[in-house]
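Here's the letter readout for the chains.
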Amino acid sequence: TPINEGDDFPNVEMYFLPVGCQHCKDPECVKVCPTGASHKKEDGTVQIDKEKCIGCQFCVMACPYGVRYLNEEVKVVEKCTLCEHLTAEGKDPECVTGCVGLARHFGDLDDPASDVAKMVAAAGEKAYRLKDVGNGPSCVYILNKQKWRG
């Protein structure tokens, strides 16, 4: 959704906002999962236990950000795990280490001493959260808007 809705040419702006799992504080996907496959871990991430998932897709329908999908091949729901296997070892997710533009960062927003929390605080108005629909999205985006040069 554009932040400056209603702008008319030539006063338009462009930005890219790839949206992944928001690892919500109160995730709807977890509430509707009949098997407990969708669950929230102590580290705050929302994960899927593929052994428990029956592919009912209730979580897909409940996700307000549309980031879950059914893997047709194995009939289980999948989504970004924030590279759970790497973050458990204190490493950054692959999307962070592999970002050639150095645009992705990872850290604890609740720790004011963390680099990522300082970055968000310094961004001020440029720090943007997706609309909270009662679930408390945990991800923050810092927008770097550019004027469209057509």
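### What about the overall build of the protein?
The secondary structure content of the protein amounts to 5 helices and 8 strands. In the protein, the order of α-helices and β-strands from amino to carboxyl end is β-α-β-β-α-β-β-α-α-α-β-β-β. Going through the 150 residues of the protein one by one, you find that 29% of them count as buried. The contacts of the protein with a sequence gap of at least 6 include a subset with a gap of at least 24, amounting to 43%. Looking at the protein as shown, the accessible area adds up to about 10,000 Å², and 53% of this sits on carbon and sulfur atoms.

### Notes on unusual backbone geometry
The residue histidine 23 is not glycine, and still its phi comes out positive at about 45°. In this fold, histidine 23 is placed in the loop between strand E1 (13–14) and helix H1 (28–32). The class of histidine 23 is buried, set by a relative accessible area of 4%.

### So, the confidence of the model for the protein
Predicted confidence across the protein gives a mean pLDDT of 87, with 89% of residues reaching 70 or more. Here strand E8 (residues 146–147) is the element of the protein with the lowest mean pLDDT, 51, and helix H2 (residues 58–62) is the one with the highest, 98.

### Comments concerning a nonpolar patch on the surface
On the surface, Val32, Phe58 and Met61 cluster together to form a nonpolar patch covering roughly 300 Å² of accessible area. Along the polypeptide, phenylalanine 58 turns up in helix H2.

### Overview of the pattern of salt bridges
Under the defined criterion, the tally for this structure stands at 6 salt bridges. Salt-bridge contacts for glutamate 28 lead to lysine 31; the nearest nitrogen and oxygen are separated by 3.1 Å. Placement of the pair is glutamate 28 and lysine 31 together in helix H1, with a separation of 3 residues, close to one helical turn. We classify glutamate 28 as partly exposed; its relative accessible area is 25%.

### Considerations on the nonpolar core
Generally speaking, nonpolar side chains in soluble globular proteins are found buried as a group. By size, the foremost hydrophobic cluster in this structure holds 10 residues: Cys29, Cys33, Ala37, Val46, Ile48, Cys53, Cys59, Leu70, Val76 and Val77. Taken together, the elements giving at least two residues each to this core come down to strand E3 (46–48) and strand E5 (76–78). In this view, isoleucine 48 contacts Ala37, Ser38, His39, Cys53, Arg68, Val77, Glu78 and Lys79; residues no more than four positions away in its chain are not counted. Of all hydrophobic cores here, the second largest spans 7 residues; its members include Cys63, Tyr65, Val67 and Tyr141.

### Digging into the side chain of glutamate 78
For glutamate 78, the position within the fold is in strand E5. Within the structure, the side chain of glutamate 78 is placed 3.0 Å from the side chain of lysine 50, a separation counted as a polar contact. If sequence neighbours within four positions are ignored, glutamate 78 has contacts with Ile48, Lys50, Val67, Arg68, Tyr69 and Asn71.

### Details of the side chain of glutamine 47
Within the element layout of this structure, glutamine 47 appears in strand E3. A polar atom in the side chain of glutamine 47 sits 2.9 Å from the side chain of threonine 45. In this structure the side chain of glutamine 47 is engaged in a polar contact, spanning 3.1 Å, whose partner is the backbone oxygen of threonine 81. Filtering out sequence-adjacent residues up to four positions away, glutamine 47 remains in contact with His23, Ala37, Ser38, His39, Lys41, Lys79, Thr81 and Glu84.

Criteria and thresholds
- Residues numbered from 1 in each chain as written.
- Predicted model: local features only at pLDDT ≥ 70, side-chain atom pairs only at ≥ 80, totals over all residues.
- Heavy atoms only, no water.
- Helix = DSSP H or I, 4+ residues; strand = E, 2+ residues; numbered from the N terminus.
- Buried < 20%, exposed > 50% of the residue type's maximum accessible area, 1.4 Å probe, protein only.
- Contact = heavy atoms within 4.5 Å.
- Areas by Shrake-Rupley, 256 points an atom, 1.4 Å probe, with all protein chains shown as cover.
- pLDDT = per-residue confidence, 0-100.
- Patch = residues over 30% accessible without salt bridge, like charges linked within 9 Å, V, L, I, M, F, W, Y side chains within 5 Å.
- Salt bridge = Lys/Arg side-chain N within 4 Å of Asp/Glu carboxyl O.
- Core = buried A, V, L, I, M, F, W, Y, C linked by side-chain atoms within 4.5 Å.
- Polar contact = N/O pair within 3.5 Å; in protein donor to acceptor, adjacent residues only side chain to side chain.

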